[in-house]
Protein chains: 2
Amino acid sequence: MEKPKEAIAMASSSYSRLTPPEVPVELHVNNRKKLVNSLRHHLSLSSRPLHGFVFLQGGDEQTRYDTDHIELFRQESYFAYLFGVREPGFYGAIDIASGNSILFAPRLPPDYAVWMGEIKTLSYFKERYMVSMVCYTDEIFGVIHDQYQGSGKPLLFLLHGLNTDSDKFSKPAEFQGMDKFETDLTTLHPILTECRVIKSDLELSLIQFANDISSEAHVEVMRKVRVGMKEYQLESIFLHHTYMYGGCRHCSYTCICATGENGAVLHYGHAAAPNDRTLENGDMALLDMGAEYHFYGSDITCSFPVNGKFTSDQAIIYNAVLHAHNAVISTMKPGVCWVDMHLLAEKTILQSLRKAGIIVGNVDDMMVERLGAVFMPHGLGHFLGIDTHDPGGYLKGKERPKEPGLRSLRTARELQEGMVITVEPGCYFIDALLVPAMESSNTGRFFNHEVINKYKSFGGVRIESDVLVTVNGCKNMTKCPREIWEIEAVMAGSPWPLNEVTISSEHGGG
Amino acid sequence: MEKPKEAIAMASSSYSRLTPPEVPVELHVNNRKKLVNSLRHHLSLSSRPLHGFVFLQGGDEQTRYDTDHIELFRQESYFAYLFGVREPGFYGAIDIASGNSILFAPRLPPDYAVWMGEIKTLSYFKERYMVSMVCYTDEIFGVIHDQYQGSGKPLLFLLHGLNTDSDKFSKPAEFQGMDKFETDLTTLHPILTECRVIKSDLELSLIQFANDISSEAHVEVMRKVRVGMKEYQLESIFLHHTYMYGGCRHCSYTCICATGENGAVLHYGHAAAPNDRTLENGDMALLDMGAEYHFYGSDITCSFPVNGKFTSDQAIIYNAVLHAHNAVISTMKPGVCWVDMHLLAEKTILQSLRKAGIIVGNVDDMMVERLGAVFMPHGLGHFLGIDTHDPGGYLKGKERPKEPGLRSLRTARELQEGMVITVEPGCYFIDALLVPAMESSNTGRFFNHEVINKYKSFGGVRIESDVLVTVNGCKNMTKCPREIWEIEAVMAGSPWPLNEVTISSEHGGG
Ligand SMILES: [Mn+2]
Ligand SMILES: [Mn+2]
């Protein structure tokens, strides 16, 4: 008889040093506590009574168009944050007075047991999700009324607010009989969103795991990439590694596997541009891929030449971006403004391009003319958590910058300890931006037309890491080869992380 | 410099003998011609004028809840059938008088080129999708009016009808100015659905490829399965194989990777039962997984012991199902009623269970009491095409059978040449059905309680193939190991298909 544990080790040891960690349910218990404390504090400040219920509706399964094809369900992110429930059709309430949490589960028909699986008891859910009480969704009205300790109609704090990335509003919970309650649509959203902005240690451990398995998968892709492959094969290798060895069924976002000039398409990889190009010798690859583990995500970009050796032209652009990436990370700490980090990245890139003779003139003049946004039209980075573009980037009333590049920033806030934010500078050769800029009377003079033409079909480079702001600095949670010599070594078969011996021999005794 | 072609062969030769085929756009041209001919014929029969436009709206990209997380777009199936368009946001029209086809593409903002990729010209789409004309969606009103050759308001045939699997209605196209047209909501749906029921040779070649790559992936899983692995690792191996070597980005449906007693959960694998059990020695695995290639799908189930060797108890159930599978396929031909095939499968299974002493008594009596539905509560099979549960299973006015088992049939039609239908008999030990049946005064007498208790945590066996009805019989498009000796040989490392030498030595000189 085989021993299960050995079989796991055998099946995976040569490919991964990781195994999916246990998920502590306390993570969500703590998230709820944090919200209740924040809410109470807020209510006290405005002398409002400390009662009522936070009341959220979880997500529902969706079918495709008119068919019975069920899309794989993924819980709504605010609901996931507070309750960690993986099943569709739930509601959840938190009693602000007592701090008690109540989940409402859908009452399933008896034949669910035949088609979908065992019908779990309410006490199963109570234990699994560590809440005070579980009832059925058809009991919401009565249960909330029973639990209510205030006078008059019970007050429900519903989730309604703007997502500043999508410009869409979250949908407040709805159920039969809601007209018998008072509702508050304005208080909850900003407070709950702010709770999500600052990550707890338990949240960080999941984001770290998503980073670890995704970093490893990026290395796996680097090792297996060959001229002649299709871009989607790199996606497939990544997805397989993170699911097979990391148990990550979902990705944080659709994989961007751009090679050659596709590297200049910032959100390449969607259905109309589906990672279907054949890799050619001399191409750069720009791979933006991140796995999600128990709702918490990662967002990582690696750029490298598909044949494993940087040309000097490629090295110029790559190092320009790497210096920007490193300059930002060395500067990040609480109190630093994210807009300044964006400008720092831009300036670092422009300085490198100028040094290489691609652009000419005074870098400060270039900054005034927003030349950086021609090469990096996107923002430097965004909050990361249960959503890839985690909410809270703009506090209410705070306006978005208007200038090119800066207006694409998903946050313009000051950094605080516990924020996780992506640092993803890039340098792209995008005809739709470059041609007008080269023809413009304001910016035309900055370009060395002859040299820049060499980069016509170059595509682009992006280097993206997920960075935690710490008490007096920051910590890079992403562990991919970043230096050119590291990438070339790993692509040539060296282990990763490079061990001491490898480092000293490859890096000239460093 | 590396040669791309050799690199592809090198990277994939040891794993797959397949490469993704070119997709002939004529497939969709022919689908449109078929529809126009059918519609004209129908209109002639009812003495209606042969003009007006078939008018469909393609699918749109969806975001997740209030976020900007974009779900990977998959075209709506009727639109995919007629136009093969992979991009979101299109409309399509077919002029019944001339047979001309017009696509309407969304007018994209200039910064689409920066974020999403090159803005394709209208002539690009005209050539790619082989239509007569491509305009923008904001030109629908004028273009249709211009093209119209009849008198009065132009007539639009819109898609509105019931999907008999989901019980939902397709959503008729909507656009600004539609009130200036006559619309017909009843004619198109049944005629277009019936076109989809009978597959063309070009459609069949894609379904065959989806079957080939999925069959190969099932074999890959059989080879790699080990006690101690997680169910989702089998899913990951399957997904990787079909994407890496088959270019299949989508699956036909969420993978069902059920082991042990999960095999008794017919639609296992969804978010609330997410393929997360650890494989144990002695388990049966029931893996229902199928890839999709250019919209056309496959739907394949293999069942086998995870340790590679059938016990005699497992072999009894497996062979009962295999005999049913084979009996149905040997009987299928045009004119045969699908309900009779379901009953044939049931009866074959009951006979085997009786022979093994699991049930006792007269099989005809069992059939009268619908005992078959206790062991196989689902229908024998369904149409397969662009949807896994392809539409057209019930012609208008045709009632669904009411009896247990039969009422789950997704079609009760007579077979016709060109139909593709799954043959998926199964035998499950489902407590929720078995316990009441054993206690019932009508069916209790049929059970050998002592023997059946051995199967308490057995789970189930399903064997599912995709079968094309031919002029005088049928063709099994699925190419998986099915006989016990074939499965054991492949799991022990034999090549698949088994070559002649292997067959004669393993199968006792057959
Ligand atoms: Mn990012
Ligand atoms: Mn099926």
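Residues numbered from 1 in each chain as written. Chains lettered and ligands numbered in written order. Predicted model: local features only at pLDDT ≥ 70, side-chain atom pairs only at ≥ 80, totals over all residues. Heavy atoms only, no water.

This part takes up the overall build of chain A. Looking only at helices and strands, one finds 17 helices and 18 strands in chain A. For a compact globule of 510 residues, the expected C-alpha radius of gyration is about 24 Å, and chain A comes in at 25 Å, within 12% of that figure. By principal-axis analysis of the C-alpha atoms, chain A measures approximately 75 × 65 × 50 Å. Looking at chain A residue by residue over its 510 residues, the buried ones come to 58%. (Helix = DSSP H or I, 4+ residues; strand = E, 2+ residues; numbered from the N terminus. Rg over C-alpha atoms; globule rule 2.2 N^0.38 Å. Buried < 20%, exposed > 50% of the residue type's maximum accessible area, 1.4 Å probe, protein only.)

Residues and elements named next belong to chain A. Applying the stated criterion across every chain yields a total of 40 aromatic pairs over all chains. Considering the side-chain rings of Phe90 and Phe125, the 5.1 Å spacing of their centres and the 80 degrees angle between planes classify their relative orientation as edge-to-face. One end of the pair, Phe90, is in the loop between α3 (77–83) and β2 (91–95); the other, Phe125, is in helix α5 (residues 122–129), with 35 residues separating them in the sequence. A single burial state applies to Phe90 and to Phe125, both of which are buried. Between Phe429 and Tyr455, the aromatic rings sit 4.9 Å apart at their centres with planes inclined by 10 degrees, giving stacked as the arrangement. Pair noted here: Phe429 is in the loop between β15 (426–428) and α14 (431–439) and Tyr455 is in the loop between α15 (449–453) and β16 (460–462), with a separation of 26 residues, a long-range link. Taken as a pair, Phe429 and Tyr455 share a single burial class, namely buried. Every member of this aromatic cluster is reached through a ring pair, and the members are Phe55, Tyr91, Phe104, Phe141, Phe175 and Phe181. Arg196 extends its terminal NZ or CZ atom over the ring of Tyr78, reaching a point 4.4 Å from the ring centre. (Phe/Tyr/Trp six-rings, centres within 6.5 Å; stacked < 30°, edge-to-face > 60°. Lys NZ or Arg CZ within 6 Å of the ring centre and 35° of its normal.)

Attention now goes to the packing of helix α9 (residues 231–244) of chain A against helix α9 (residues 231–244) of chain B. The N-to-C vectors of α9(A) and α9(B) enclose an angle of 175 degrees; their axes lie 9 Å apart at closest approach. The orientation of α9(A) relative to α9(B) falls into the category roughly antiparallel. Between α9(A) and α9(B), the contacting residues are A:Tyr232, A:Gln233, A:Glu235, A:Ser236, A:Ile237, A:Leu239, A:His240, A:Tyr243 and A:Met244 on the first element and B:Tyr232, B:Gln233, B:Glu235, B:Ser236, B:Ile237, B:Leu239, B:His240, B:Tyr243 and B:Met244 on the second. The residue inventory of the contact of α9(A) with α9(B), partitioned by class, reads 10 nonpolar, 6 polar and 2 charged. (Axes fitted to C-alpha atoms, helices over the stretch in contact; angles between N-to-C directions. Parallel < 35°, antiparallel > 145°, perpendicular 65-115°, else oblique. Contact = heavy atoms within 4.5 Å. Nonpolar A, V, L, I, M, F, W, Y, C, P; charged D, E, K, R; others polar.)

To continue, consider the relation of the copies chain B and chain A. When chain B is fitted to chain A, the residual RMSD is 0.0 Å, and the transformation amounts to a turn of 180 degrees plus an axial shift of 0.0 Å. Given the turn and translation reported, the copies of this chain are related as if by a two-fold rotation axis. The rotation axis passes nearest to the C-alpha of B:His240 in chain B, at a distance of 2.9 Å. (Least-squares fit on C-alpha atoms with pLDDT ≥ 70 in both.)

Next up on the list: the coordination of the manganese ion (ligand 1). Residue and element names in this part refer to chain A. Protein ligation of the manganese ion (ligand 1) involves Asp299 (OD), His382 (NE2), Glu424 (OE) and Glu464 (OE), the donor distances falling in the range 2.1 to 2.3 Å. In terms of primary sequence, the donors binding the manganese ion (ligand 1) are separated according to D-x82-H-x41-E-x39-E. Of this pair, Asp299 sits in the loop between β12 (291–292) and β13 (300–305) while Glu424 sits in the loop between β14 (420–423) and β15; the two residues are 125 residues apart in sequence, bridging distant segments of the chain. As far as burial versus exposure is concerned, Asp299 and Glu424 are alike and both buried. (Donors = N, O, S within 2.8 Å, 3.2 Å for Na, K, Ca; no water.)

The subject of this paragraph is the coordination of the manganese ion (ligand 2). Coordination of the manganese ion (ligand 2) by the protein is provided by B:Asp299 (OD), B:His382 (NE2), B:Glu424 (OE) and B:Glu464 (OE), with metal-donor distances spanning 2.1 to 2.4 Å. Counting the intervening residues between successive donors of the manganese ion (ligand 2) yields the motif D-x82-H-x41-E-x39-E.

This brings us to empty space enclosed by the protein. All names here are of chain B. Counted by the stated rule, this structure contains 2 cavities of 30 Å³ or more. What the largest cavity holds in volume is close to 40 Å³. Contributing to the lining of the largest cavity are Thr164, Asp165, His382, Phe383, His389, Asp390, Gly392, Gly393, Arg410 and Thr411. The residue makeup of the lining of the largest cavity, split by class, is 1 nonpolar, 6 polar and 3 charged. (1 Å grid on protein atoms, 1.4 Å probe; cavity = no way out; pocket = protein on both sides within 12 Å on 5 of 7 lines; lining within 4 Å. Points joined across faces, edges and corners; volume = space filled by probe spheres on them.)

Right, let's talk about the confidence of the model for chain A for a bit. All names here are of chain A. In this model, chain A carries a mean pLDDT of 94, and residues with pLDDT of at least 70 account for 95%. Contacts for the low-pLDDT stretch residues 1–13, under 50 throughout, to residues beyond four places or in other chains number 14 contacts. Predicted confidence is poor over residues 500–510, with pLDDT under 50, and the contacts of this stretch with residues over four places away or in other chains come to 9 contacts. Across the whole predicted complex the pTM is 0.95, and at the interface the ipTM reaches 0.95. (pLDDT = per-residue confidence, 0-100.)

Note on sheets: strands pair through backbone hydrogen bonds, and any given pair is parallel or antiparallel. Residue and element names in this part refer to chain B. The mixed open sheet is built from 6 strands, whose spatial order is β4-β3-β2-β1-β5-β8. Two strands in the sheet have a free side with no partner beyond their single neighbour: β4 (133–136) and β8 (182–184). Each strand of the sheet is rotated relative to its neighbour by a mean of 25 degrees, with strand direction disregarded. The sheet contact formed by strand β3 (residues 101–105) and β4 spans 4 bridges and is parallel. In the sheet register, Ala105 faces β4, and the bridge partner there is Tyr136. Contacting β1 (53–57), β2 (91–95), β3 and β5 (155–157), helix α2 (residues 26–45) crosses the sheet at an angle of about 55 degrees to β2. Across the sheet, helix α6 (residues 140–147) lies against β1, β2, β3, β4 and β5, angled at about 170 degrees from β3, the strand it touches most. (Pairing = 2+ DSSP bridges.)

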